[in-house]
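Now for the letters of each chain:
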Amino acid sequence: MSDFPQSRMRRLRANPIMRDLVRETELSSNDLIYPLFVVSGNNKKLPIDSMPDCYQISIDHLENEINSISKIGIQAILLFGVPSTKDAIGSSAYTDDGVVQTAIKTIKNIMPDLLIITDVCLCQYTDHGHCGIVHSGIIDNDASLDAIKRIATSHANSGADMVAPSAMMDGQVQAIRSALDGSGFDHIPIMSYASKYASAFYGPFRDAAQSSPQFGDRKTYQMDPSNWRMALREIEMDINEGADIIIVKPALAYLDIITRARDKFPHPIAAYNVSGEYSMVKAAGSMNWLDEQNIIIEILRSIKRAGANCIITYHAKEIASHLNK
Ligand code: PBG
């Protein structure tokens with residue numbers, strides 16, 4: 001039964017001021033986390049073909065990058081390292097002079113207040129490209145935890161403000177929590193990739209981070225896109241292991257997961273608007289097939305409307321400068 005004509009929804013849409021007054025979801029540069037790829041070596045700013053306007057940058061270019069990021073109002077970054085050497089156990093992920101460790105110290109020198117989150121995983125650092133330690137062709141969960149603990153602790157040691165484990169090994173949050181607590185880092189929060197799906201949307205990232213698996217795929221540890229109940233179990237486990245913020249990843253094809261997590265848990269939720277989601281928009285935008293800027297804002301709003309508190313997105317720079325104009 002309709003309420004018409006007593007109710008007329010269009011009264012609240014009549015002009016921009018009225019629309020502003022009744023807006024349910026706001027988007028601000030404070031919500032955005034910008035992922036940054038740091039590559040070892042010098043004088044490098046290497047374009048990533050499948051991700052227009054994104055680069056792998058070397059440490060000596062960080063100062064410029066950090067200054068421009070913060071000038072447009074971005075307050076948090078997520079660091080990924082692209083190391084010069086890989087081995088079977090990913091040892092370059094936890095050396096003191098590793099690419100991420102050096103980047104953290106450099107950034108903290110330039111801009112101590114910029115919040116640095118680090119991705120804690122092995123795939124960029126292993127020669128086989130998997131997110132854990134491999135034994136006889138199998139990704140060995142518990143053997144991987146030891147390496148994951150060392151990575152997280154070395155990031156905290158270098159000055160990271162928050163660590164984000166993304167390997168999807170069972171027990172990784174508990175392992176990291178106890179390692180951090182045991183090293184005097186009980187104040188460092190964990191932003192856990194709790195429900196991370198085995199997604200084709202990560203394709204461009206794997207070019208950017210040079211982290212494609214050299215055999216098989218990630219389906220034995222990342223989630224099956226068909227499942228939502230299992231995502232809630234993953235999230236609940238991570239919360240019980242001490243996760244402070246939970247990540248849903250990817251974002252757009254998984255807005256239902258964000259909403260279900262929002263309904264069930266009081267914890268802050270970060271959504272990862274991943275590389276493939278970015279590349280699709282950039283490709284269509286460059287063809288003038290759609291209005292790129294408005295599409296990005298609509299997408300980011302939808303992620304917040306679904307229930308996310310903050311969004312990790314490669315669009316952060318372009319959108320923050322637009323929002324803060
Ligand atoms: C590392 C990691 C991946 C992403 C973030 N951390 C890749 C993967 O799991 O293959 C993907 C991010 C993106 O696509 O933007 N495990």
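Residues numbered from 1 in each chain as written. Predicted model: local features only at pLDDT ≥ 70, side-chain atom pairs only at ≥ 80, totals over all residues. Heavy atoms only, no water.

Q: Help me out: how do you make sense of empty space enclosed by the protein in this one?
A: In this approach, a probe sized like a water molecule rolls over the atoms, and the result shows the empty space that is left. Per the stated rule, a full pass over the model turns up 2 cavities of 30 Å³ or more. Each pocket or cavity is described by its volume, and for the largest cavity that value is around 140 Å³. At the level of elements, strand E9 (191–196) and helix H6 (203–209) are the ones that each hand at least two residues to the lining of the largest cavity. Tallied by class, the residues present in the lining of the largest cavity amount to 9 nonpolar, 5 polar and 5 charged. (1 Å grid on protein atoms, 1.4 Å probe; cavity = no way out; pocket = protein on both sides within 12 Å on 5 of 7 lines; lining within 4 Å. Points joined across faces, edges and corners; volume = space filled by probe spheres on them. Helix = DSSP H or I, 4+ residues; strand = E, 2+ residues; numbered from the N terminus. Nonpolar A, V, L, I, M, F, W, Y, C, P; charged D, E, K, R; others polar.)

Q: I keep staring at the packing of helix H2 (residues 62–71) against helix H3 (residues 99–110) and nothing clicks. Help me out?
A: Packed helices, taken two at a time, are described by the angle their axes make and the gap between the axes. Where H2 contacts H3, the two axes come as close as 10 Å, and the packing angle between them is 55 degrees. The angle between H2 and H3 falls in the class oblique. Judged by the sense of rotation from one axis to the other, the crossing of H2 with H3 is right-handed. Across the interface between the two elements, Leu62, Glu63, Ile66 and Asn67 from H2 touch Ala103, Thr106, Ile107 and Ile110 from H3. Residue classes in the contact of H2 with H3 are distributed as 5 nonpolar, 2 polar and 1 charged. (Axes fitted to C-alpha atoms, helices over the stretch in contact; angles between N-to-C directions. Parallel < 35°, antiparallel > 145°, perpendicular 65-115°, else oblique. Left-handed = near helix turned anticlockwise from the far one by under 90°. Contact = heavy atoms within 4.5 Å.)

Q: For this particular structure, what's the right way to read the packing of aromatic side chains?
A: Within a pair of aromatic rings, the relevant descriptors are the distance that separates the centres and the angle that separates the planes. A full pass over the atoms with the stated rule returns 8 aromatic pairs. Measuring from ring centre to ring centre gives 6.1 Å for Tyr193 and Tyr272, while their planes differ by 35 degrees; the resulting arrangement is tilted. In this pair, Tyr193 sits in strand E9 while Tyr272 sits in strand E11 (residues 269–273), placing the two residues 79 residues apart along the sequence. In terms of burial, Tyr193 and Tyr272 fall into one category: buried. An angle of 25 degrees between the planes, with centres 4.3 Å apart, marks the rings of Tyr197 and Tyr254 as stacked. Separated by 57 residues along the polypeptide, Tyr197 in the loop between E9 and H6 and Tyr254 in the loop between strand E10 (245–249) and helix H8 (255–264) bring together distant segments of the chain. For the pair Tyr197 and Tyr254, one class covers both residues: buried. These aromatic residues form a ring-pair network of at least three members: Phe37, Phe80, Tyr193, Phe205, Tyr272, Tyr278 and Tyr314. Just above the ring of Tyr193 sits the side chain of Lys196; from NZ or CZ to the centre is 5.2 Å. Sitting above the plane of the Tyr202 ring, Lys249 keeps its charged end 4.5 Å from the centroid. (Phe/Tyr/Trp six-rings, centres within 6.5 Å; stacked < 30°, edge-to-face > 60°. Buried < 20%, exposed > 50% of the residue type's maximum accessible area, 1.4 Å probe, protein only. Lys NZ or Arg CZ within 6 Å of the ring centre and 35° of its normal.)

Q: Is there a simple way to think about the pairing of strand E1 (residues 32–39) in this case?
A: A regular strand carries its side chains on alternate faces of the sheet. The buried fraction of E1 is high, at 8 of 8 residues. Judged by which residues are buried, E1 turns out to be covered on both faces: Leu32, Tyr34, Leu36 and Val38 on one side and Ile33, Pro35, Phe37 and Val39 on the other are all buried. Direction of pairing for E1 relative to strand E12 (residues 310–313): parallel, over a ladder of 2 bridges. Bridge assignment links Ile33 to a residue of E12, and that residue is Ile312. The pairing of E1 with strand E3 (residues 55–58) spans 3 bridges and is classified as parallel. Bridge pairing links Phe37 to Gln56 in E3. (Pairing = 2+ DSSP bridges.)

Q: What should I look at first to understand the side chain of Ser199 in this one?
A: Along the chain, Ser199 falls in the loop between E9 and H6. For Ser199, the side chain forms a polar contact with the main-chain nitrogen of Phe201, separated by 2.9 Å. Each residue touching Ser199, except ones within four places of it in the same chain, is listed here: Gln222 and Pro250. (Polar contact = N/O pair within 3.5 Å; in protein donor to acceptor, adjacent residues only side chain to side chain.)

Q: Where do I start with the environment of Ser144 in this structure?
A: With respect to the helices, strands and loops of the structure, Ser144 is situated in helix H4 (residues 141–158). Note: C-alpha distance between Ser144 and Cys121 (23 residues apart in sequence) is 9.6 Å. Discounting chain neighbours no more than four positions away, the residues touching Ser144 are Gly132, Ile133 and Met169.

Q: Sorry if this is basic, but what is going on with the site of the ligand here?
A: Near the ligand, the surroundings consist of 18 residues, among which Arg206, Gln222, Lys249, Ser275 and Tyr314 are the closest. At 3.4 Å from a nitrogen atom of the ligand is found a side-chain nitrogen or oxygen belonging to Ser166. For the ligand, the accessible surface in isolation is 400 Å², of which the surrounding protein chains cover 100%. Under a 2 Å grid-point criterion requiring more than half of the atoms, the pocket assigned to the ligand is the largest cavity. Of the residues assigned to the shell around the ligand, the class counts are 10 nonpolar, 3 polar and 5 charged. (Near = heavy atom within 4 Å. Areas by Shrake-Rupley, 256 points an atom, 1.4 Å probe, with all protein chains shown as cover. Sits in = over half its atoms within 2 Å of the grid points.)

Keep in mind these numbers describe shape, not what the thing actually does.
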